[in-house]
Amino acid sequence: MDLRIFTEPQQGASYDTLLSVAKATEDLGYDAFFRSDHYLAMGGADGLPGPTDAWITLAGLARETSRIRLGTLVTAATFRHPGSLAIQVAQVDAMSGGRVDFGFGAGWYEAEHTAYGIPFPADKFPRYEEQLAILTGLWSTPLGETFSFSGEHYTLTDSPALPKPVQPKIPVLIGGTGPKRTPRLAARYADEFNAPFQSAEASADLFERVRRAAKDIGRGPEEITFSNALVACVGATDADVARRAAAIGREVDELASNGLAGSPDAVVAKLAHYAETAGTTRVYLQILDLADLDHLELIADKVMSQLG
């Protein structure tokens, strides 16, 4: 099972903090560093020193790391025009030597749009679907050919579809809990489907919906990686777990029920439950205290080492 580090910088993190976490992610043997794409803190966090942009962050990290994959969980379709976003992602892929994974969602947090003057359309999902077609179409257009698209929300005419990513295909991650439209889009466009903050049992149902949708269009479900995102709070002792839970304003029992909390052995057992029940092969560890690099080291040493 792959373990990836997933951060929420809108809650309060500078680029330097994210760089420290990304370097630790690489040094400790994790598979990837991911970040959310939000511009406003949630809950009671002050968000200081203020938001960082996901793709500017990943561009910087692309030049400061050499092995780990880099991505978003997930880029908001409401923030950027698909044409310019295709250029940005392809450029970061080149800057990283082909290490980008592209997590993409419709956008949902209206307050951050209001706070920064970003339109929040009522018809987000149709726009999102068109953007998926445009992004994947631009990246896959053969060199020397052009790409055109005519939709209800976007029109592109004779685009040179440049620059090309370094990778032959940028992996596309789609996630969510929608019962119909999301599985359909994942079956068509996704290399990975993510069930965020769901139980193993709920994940099994979501994954099966995607598998069925893939079969319906003649695609093999084995072509899709199935993953979860889960909050992590691991400690060598009960006191360490309690201390880490308090640092992120959560209760141990709630974290243990809804995420990966407790001793390393308890977390390994819960990961095995996800693998056996849902077929999960990759987990994004949501790390909320970005100053606690010892937490990453403990998980790498005592959890990841047992996963094979």
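Residues numbered from 1 in each chain as written. Predicted model: local features only at pLDDT ≥ 70, side-chain atom pairs only at ≥ 80, totals over all residues. Heavy atoms only, no water.

## Details of the overall build of the protein
Then step 1. Helix and strand counts for the protein stand at 11 helices and 12 strands.
Then step 2. On the principal axes, the C-alpha backbone points of the protein span a range of 60 × 45 × 35 Å.
Then step 3. Among the 308 residues that make up the protein, the fraction classed as buried is 54%.
Then step 4. Within the protein, contacts between residues at least 6 apart in sequence are counted, and of these 73% link residues at least 24 apart.
Then step 5. For the protein, the accessible surface area stands at approximately 13200 Å², while carbon and sulfur atoms represent 52% of it.
Then step 6. Seen as two clouds, the 27 positive and the 40 negative side-chain charges of the protein have centres 5 Å apart. (Helix = DSSP H or I, 4+ residues; strand = E, 2+ residues; numbered from the N terminus. Buried < 20%, exposed > 50% of the residue type's maximum accessible area, 1.4 Å probe, protein only. Contact = heavy atoms within 4.5 Å. Areas by Shrake-Rupley, 256 points an atom, 1.4 Å probe, with all protein chains shown as cover. Lys, Arg positive; Asp, Glu negative; His and termini not counted. Charge placed at Lys NZ, Arg CZ, Asp CG, Glu CD.)

## Examining unusual backbone geometry
Then step 1. Between leucine 48 and proline 49 the backbone carries a cis peptide bond, its omega angle lying at 10°.
Then step 2. Among the structural elements, proline 49 can be located in the loop between strand S2 (32–35) and helix H2 (54–64).
Then step 3. The amide bond that connects leucine 73 to the next residue, valine 74, takes the cis arrangement and shows omega of -5°.
Then step 4. Here valine 74 shows up in the loop between strand S3 (69–72) and strand S4 (75–76).
Then step 5. Phi angles above zero are rare outside glycine, and aspartate 158 is one such case at about 50°.
Then step 6. Mapped onto the fold, aspartate 158 is located in strand S7 (residues 155–159).
Then step 7. We classify aspartate 158 as exposed; its relative accessible area is 52%.
Then step 8. The backbone of alanine 161 sits at a positive phi, close to 55°, despite the residue not being glycine.
Then step 9. By the secondary structure assignment, alanine 161 is in the loop between S7 and strand S8 (172–175).

## Some details on the pattern of salt bridges
Then step 1. Scanning the model with the defined rule gives 18 salt bridges in all.
Then step 2. The shortest N-O distance in the salt bridge between aspartate 123 and arginine 127 comes to 3.0 Å.
Then step 3. Judged by relative accessible area, aspartate 123 falls into the partly exposed class, the value being 25%.
Then step 4. Owing to a relative accessible area of 26%, arginine 127 belongs among the partly exposed residues under this scheme. (Salt bridge = Lys/Arg side-chain N within 4 Å of Asp/Glu carboxyl O.)

## Some thoughts on the pairing of strand S9 (residues 192–196)
Then step 1. Summarising burial for S9: 4 of the 5 residues are buried, a large majority.
Then step 2. Here S8 runs beside S9; their pairing, made up of 3 bridges, is parallel. Across the sheet, leucine 173 pairs through a bridge with glutamate 192, a residue of S9.
Then step 3. The parallel pair S8 and S9 is bridged by helix H6 (residues 181–189), and the resulting crossover is right-handed. (Pairing = 2+ DSSP bridges. Right-handed = clockwise from strand over helix to strand, strands pointing away.)

## Re the packing of aromatic side chains
Then step 1. Tallying each qualifying case throughout the model produces 11 aromatic pairs.
Then step 2. Residues tryptophan 55 and phenylalanine 102 carry aromatic rings whose centres are separated by 6.2 Å and whose planes lie at 40° to one another, so their mutual orientation is tilted. Note that tryptophan 55 is positioned in helix H2 and phenylalanine 102 in strand S5 (residues 100–105), a separation of 47 residues in sequence. Grouping residues by exposure puts tryptophan 55 and phenylalanine 102 together as buried.
Then step 3. Seen in terms of ring centroids, phenylalanine 193 and phenylalanine 207 are 6.1 Å apart; in terms of plane orientation they differ by 85°. Their pairing is edge-to-face. (Phe/Tyr/Trp six-rings, centres within 6.5 Å; stacked < 30°, edge-to-face > 60°.)

## What about the environment of threonine 146?
Then step 1. Positionally, threonine 146 belongs in the loop between helix H5 (124–140) and strand S6 (147–150).
Then step 2. In this structure, the C-alpha to C-alpha distance between threonine 146 and aspartate 2, residues 144 residues apart in sequence, is 37 Å.
Then step 3. Beyond its immediate stretch of four places on either side in the chain, threonine 146 contacts Thr141, Asp158 and Ser159.

## Some words on the side chain of serine 96
Then step 1. Among the secondary structure elements, serine 96 is positioned in helix H3 (residues 82–96).
Then step 2. Judged by its relative accessible area of 7%, serine 96 falls in the buried class.
Then step 3. A distance of 3.0 Å separates the side chain of serine 96 from the backbone oxygen of aspartate 93, its partner in a polar contact.
Then step 4. With residues near it in sequence (within four places) discarded, serine 96 still touches Ala62 and Leu70. (Polar contact = N/O pair within 3.5 Å; in protein donor to acceptor, adjacent residues only side chain to side chain.)

## Things to note about the packing of helix H7 (residues 200–216) against helix H10 (residues 264–278)
Then step 1. Closest axis-to-axis distance for the H7/H10 pair is 9 Å, and the angle between their directions is 35°. Remark: the crossing between H7 and H10 carries right-handed chirality. Two secondary-structure elements touch here, H7 through Ala200, Glu201, Ser203, Ala204, Phe207 and Arg211 and H10 through His273, Tyr274, Thr277 and Ala278. (Axes fitted to C-alpha atoms, helices over the stretch in contact; angles between N-to-C directions. Left-handed = near helix turned anticlockwise from the far one by under 90°.)

## With respect to the environment of alanine 187
Then step 1. Along the chain, alanine 187 falls in helix H6.
Then step 2. In this structure the C-alpha to C-alpha distance between alanine 187 and isoleucine 174, which are 13 residues apart in sequence, comes to 9.5 Å.
Then step 3. In this view, alanine 187 contacts Val210, Ala213, Ala214, Ile217, Arg219 and Ile224; residues no more than four positions away in its chain are not counted.

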